[in-house]
Amino acid sequence: MVKRIVLTLAVALFLQSFARADEGMWIPMLLKKYNIEQMQEMGFKLSAEDVYSVNQACLKDAVVIFGRGCTGELISDKGLLVTNHHCGYGQIQYHSSVENDYLTNGFWAMSPEEELVNPDLTVTFLKRMEDVTERVMEGVNEEMKAGERDKIIAANIKAIKEEAIKDTHYTAVLKPFFSGNQYFLFINEVFKDVRLVGAPPSAIGKFGGDTDNWMWPRHTGDFSMFRIYADKDNKPAEYSQDNVPYKPAKHFPVSLKGVNEGDFTMVFGYPGSTYQYVPSYHLEMLTETVNPKLIDVRTEKLNIMNRYQEADPAVRIKYAAKNARISNSWKRWIGENRGLEILDAISKKQQYEAEFNKWAKSQAPQYANLLARYKEVYKNYTNYNLTYGYYREMIPSNGIELANLAGKMDALKALYEAEEVDEEVAKALKKELIGQAELFFKNYYQPLDQEMSAKLLSMYAENIEAAFQPDVYALINGKYKGNIKKYVDHLFAKSRFDSKEEVIAFIDGFSAKSIKALEKDPAYQLNKSFVSVYRDKVAPQRKKYKSELADLDKAYMAAQMQFEPNEVFYPDANFTLRVSYGQVKGYTARDAVYYKHFTTLEGIMEKDNPDIYDYRVPAKLKELYKNKDYGRYEVDGTVPVCFVATNHTTGGNSGSPVLNAEGHLIGINFDRAWEGVMSDLMFNPEQCRNISLDMRYVLFIVDKMAGASYLLDEMTIIE
Ligand code: ARG
Ligand code: GLU
């Protein structure tokens with residue numbers, strides 16, 4: 001790929017180390033223009049039209065957004081789809097209880113009637129996309145003030161979206177690319193009846209757990225299966241018994257041919273966000289300030305959670321998804337810092353910036369000041385961004401749960417503060433909040449929350465500057481003489497928000513008269529004190545700097561394209577459908593350590609350890625292993641499990657189809673290797689690897705372990 005073909009010698013030296021054919025997340029509609037030749041040179045046998053087309057069924061018709069943040073793909077003409085186990089985790093957990101513990105034991109619907117309905121789960125198909133830059137920019141000119149310009153753009157976007165889906169059942173999404181230098185419209189079809197078909201036990205689907213997460217060599221059977229249902233006309237519909245399996249325009253044949261080193265691979269999915277074109281100041285902000293502080297606070301959270309979860313199986317289930325969520329970014333941040341440091345990323349950026357500045361001074365004076373302005377903004381933005389991140393950790397993002405629940409009552413309060421209350425609206429809101437409260441208590445353990453609250457309150461006080469300390473600290477330092485634990489004990493003794501019955505009764509009977517009681521509740525007060533600091537002192541400033549950064553980003557992006565006119569740029573990930581291509585390849589992890597490109601069942605047995613929760617191999621799998629009962633999934637006396645390749649991926653690519661040169665499904669993307677997780681900011685082809693689950697292992701588990709071979713009958717299997 002022509003990413004970064006080089007201009008000046010100095011730039012050449014700097015870029016050499018990471019200018020390779022693997023970097024990039026490309027726009028499916030534009031493959032013909034930029035990529036298809038290179039893809040074919042690398043072995044791809046299909047055409048650009050086969051991948052993305054508005055005239056014929058194509059690969060894109062078999063790829064979906066699964067839920068809100070993952071990718072999934074169709075593998076049968078009866079709406080069967082696969083994604084990761086960790087993507088279906090919330091649903092699997094939702095259907096689990098101590099008696100029916102699908103997380104632990106797995107779940108397989110042995111007939112359509114046994115499939116499980118998931119409220120709120122959707123899958124989204126892309127019908128078509130379109131470059132709408134010109135229409136978005138209509139009426140905008142260079143002289144305009146930012147505010148005026150943004151207003152026009154927002155109005156244009158609204159009009160374009162409305163027009164695009166008028167009289168259809170589709171939805172429209174319109175997103176900026178290249179920091180607002182280009183805009184694309186996406187027309188989607190959203191299905192709402194998506195049922196759980198099956199998931200392996202966590203000892204397979206999450207094998208290696210958070211110990212192995214972000215690591216290679218890997219042995220996680222990270223998959224789950226769902227089925228999309230539609231109405232009689234094959235259109236989206238709310239759940240109904242009368243719905244029928246959706247008939248997709250395209251589903252992927254599953255290939256049992258497997259992978260060899262050097263084979264072409266393509267990942268087709270929804271990468272969430274990357275930051276390839278930011279200045280060095282951004283990397284400094286992350287590596288020096290934001291990542292270290294947030295890593296610390298999450299380390300403490302995980303210490304507390306792990307301890308409670310190990311002590312009590314019920315708590316283990318309740319906090320399983322929360323723990324995984326906290327741990328995931330925590331570990332990635334640690335790897336990101338390490339990767340950037342080893343790559344010497346900051347000085348690489350600085351060298352590039354020096355070259356850029358030289359060029360700007362002599363040839364593009366309008367950009368000569370850009371980096372200096374960036375520096376000024378980051379100086380201020382860093383602290384606001386850190387405080388914002390810390391605030392999120394305190395309450396909204398798996399922080400003090402009690403306070404978070406109390407904060408949800410603000411919606412009721414607002415409603416009853418109005419002069420006239422619409423009873424219908426109130427009823428609906430109460431129902432919604434009671435539903436939320438029920439879910440909250442399903443996954444709540446008060447002693448854990450209480451200990452966590454004290455820890456978080458003391459960490460915030462230590463790590464965040466005085467100007468952003470909410471007034472709850474005045475209370476702690478006054479009435480409680482600085483004793484946080486005393487305050488927290490009082491909080492949990494006095495608040496009603498740790499009792500399910502009380503909360504539900506409170507919501508149910510809420511009226512204007514309840515507002516006073518709500519305001520007196522210490523958990524409500526705690527949330528309010530943090531929210532108001534955030535709202536009054538943090539958010540407005542952060543927003544201001546962010547919008548200054550957005551303007552700079554737009555200019556810097558355009559400038560970089562002029563600085564390197566011969567290079568083909570790919571837009572940063574923005575959770576739109578992208579193609580990444582590369583090849584199956586091992587890597588050198590560190591001095592003297594070379595990792596092969598694939599793992600096998602042997603490695604699972606090597607890791608087996610009944611004393612370590614993450615490494616307990618299920619008895620059934622051991623039996624299959626002992627009897628070498630591998631059927632057609634056997635290769636060289638064992639079963640392949642995972643493989644690595646050089647595809648450029650990020651969060652959101654979880655569950656993405658990994659396709660071979662023929663466009664057949666050979667794997668499911670689910671992770672990146674530790675040494676390369678800095679690829680969101682800087683890609684290094686020597687170290688950056690995406691981790692995929694081998695489809696042969698998936699079918700082996702479905703067939704031999706789950707005994708759900710009827711599912712194989714509806715797939716198109718290529719042997
Ligand atoms: N690291 C993978 C991803 O970013 C897998 C996450 C699964 N969660 C976990 N905590 N193991 O999503
Ligand atoms: N597991 C990630 C996800 O949920 C994918 C790994 C990555 O960040 O590349 O999307």
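Residues numbered from 1 in each chain as written. Chains lettered and ligands numbered in written order. Predicted model: local features only at pLDDT ≥ 70, side-chain atom pairs only at ≥ 80, totals over all residues. Heavy atoms only, no water.

Student: I keep staring at the site of ligand 2 and nothing clicks. Help me out?
Tutor: Around ligand 2 sit H86, W214, T649, T650, G651, G652, N653, S654, F670, D671 and R672, and that is every residue in its neighbourhood. Within the side chain of H86, an N or O atom sits 3.1 Å from an oxygen atom of ligand 2. Taking G651, its main chain carries an N or O atom lying 2.9 Å from an oxygen atom of ligand 2. Burial of ligand 2 by the protein amounts to 91% of the accessible area it has alone, namely 300 Å². (Near = heavy atom within 4 Å. Polar contact = N/O pair within 3.5 Å; in protein donor to acceptor, adjacent residues only side chain to side chain. Areas by Shrake-Rupley, 256 points an atom, 1.4 Å probe, with all protein chains shown as cover.)

Student: Please clarify how the packing of aromatic side chains should be interpreted in this entry.
Tutor: The geometry of an aromatic ring pair is captured by the separation of the ring centres together with the interplanar angle, meaning the angle of the planes. Evaluation of the coordinates by the stated rule reveals 44 aromatic pairs. Ring geometry for Y374 and Y556: centres 5.5 Å apart, planes at 75°, overall edge-to-face. With Y374 in helix α15 (residues 370-394) and Y556 in helix α24 (residues 522-563), this residue pair connects regions lying 182 residues apart in the sequence. Like Y374, the residue Y556 is buried in the burial classification. Centre to centre, the rings of Y630 and F700 are 6.0 Å apart; their planes meet at 80°, and the pair counts as edge-to-face. You can see Y630 sitting in the loop between α26 (619-626) and β18 (640-645) and its partner F700 sitting in helix α27 (residues 695-705), a full 70 residues away along the chain. Assigned by exposure class, Y630 and F700 land together as buried. (Phe/Tyr/Trp six-rings, centres within 6.5 Å; stacked < 30°, edge-to-face > 60°. Helix = DSSP H or I, 4+ residues; strand = E, 2+ residues; numbered from the N terminus. Buried < 20%, exposed > 50% of the residue type's maximum accessible area, 1.4 Å probe, protein only.)

Student: Please explain the nonpolar core as it appears in this structure.
Tutor: One broad rule of soluble globular proteins: the nonpolar side chains tend to lie buried together. One finds M225, M266, L621, Y697 and F700 to be the most contacted residues of the largest nonpolar core, which totals 111 residues. Considering each element in turn, this core owes the most residues, 8 residues, to α27. Here F700 is in contact with L601, L621, L624, D629, Y630, Y633, V639 and M705, once residues within four sequence places are set aside. The next biggest cluster of nonpolar side chains, apart from the first, holds 100 residues, and it includes L370, Y378, L456 and V538. (Core = buried A, V, L, I, M, F, W, Y, C linked by side-chain atoms within 4.5 Å. Contact = heavy atoms within 4.5 Å.)

Student: Explain the site of ligand 1 to me, please; I cannot follow it from the model alone.
Tutor: In the vicinity of ligand 1, the residues found are H86, K206, D210, N213, W214, A324, N328, S654, F670 and D671. One of the side-chain nitrogen or oxygen atoms of D210 is found 2.6 Å away from a nitrogen atom of ligand 1. In the environment of ligand 1, a nitrogen atom lies 2.8 Å from a nitrogen or oxygen atom belonging to the side chain of D671. Burial of ligand 1 by the surrounding chains reaches 87%, relative to a free accessible area of 340 Å².

Student: Would you take a moment to explain the environment of T646 for this structure?
Tutor: Its place among the elements puts T646 in the loop between β18 and β19 (657-659). Separated by 54 residues in sequence, T646 and A592 have C-alpha atoms that sit 20 Å apart. Contacts of T646, omitting those with residues within four sequence positions, involve D22, G582, Q583, K585, F683, C688, R689 and N690.

Student: I'm lost on the packing of helix α17 (residues 410-417) against helix α18 (residues 423-442) in this one. Help?
Tutor: The geometry of a pair of packed helices is captured by two quantities: the angle between their axes and the separation between those axes. Viewed as axis vectors pointing N to C, α17 and α18 meet at an angle of 170°, and their least axial separation amounts to 10 Å. In terms of axis orientation, α17 runs roughly antiparallel to α18. α17 and α18 meet at a crossing whose hand is left-handed. Residues A411, L412, L415 and Y416 of α17 lie in contact with α18, whose contacting residues are V425, A426, L429, K430 and L433. Partitioning the contact of α17 with α18 into residue classes produces 8 nonpolar, no polar and 1 charged. (Axes fitted to C-alpha atoms, helices over the stretch in contact; angles between N-to-C directions. Parallel < 35°, antiparallel > 145°, perpendicular 65-115°, else oblique. Left-handed = near helix turned anticlockwise from the far one by under 90°. Nonpolar A, V, L, I, M, F, W, Y, C, P; charged D, E, K, R; others polar.)

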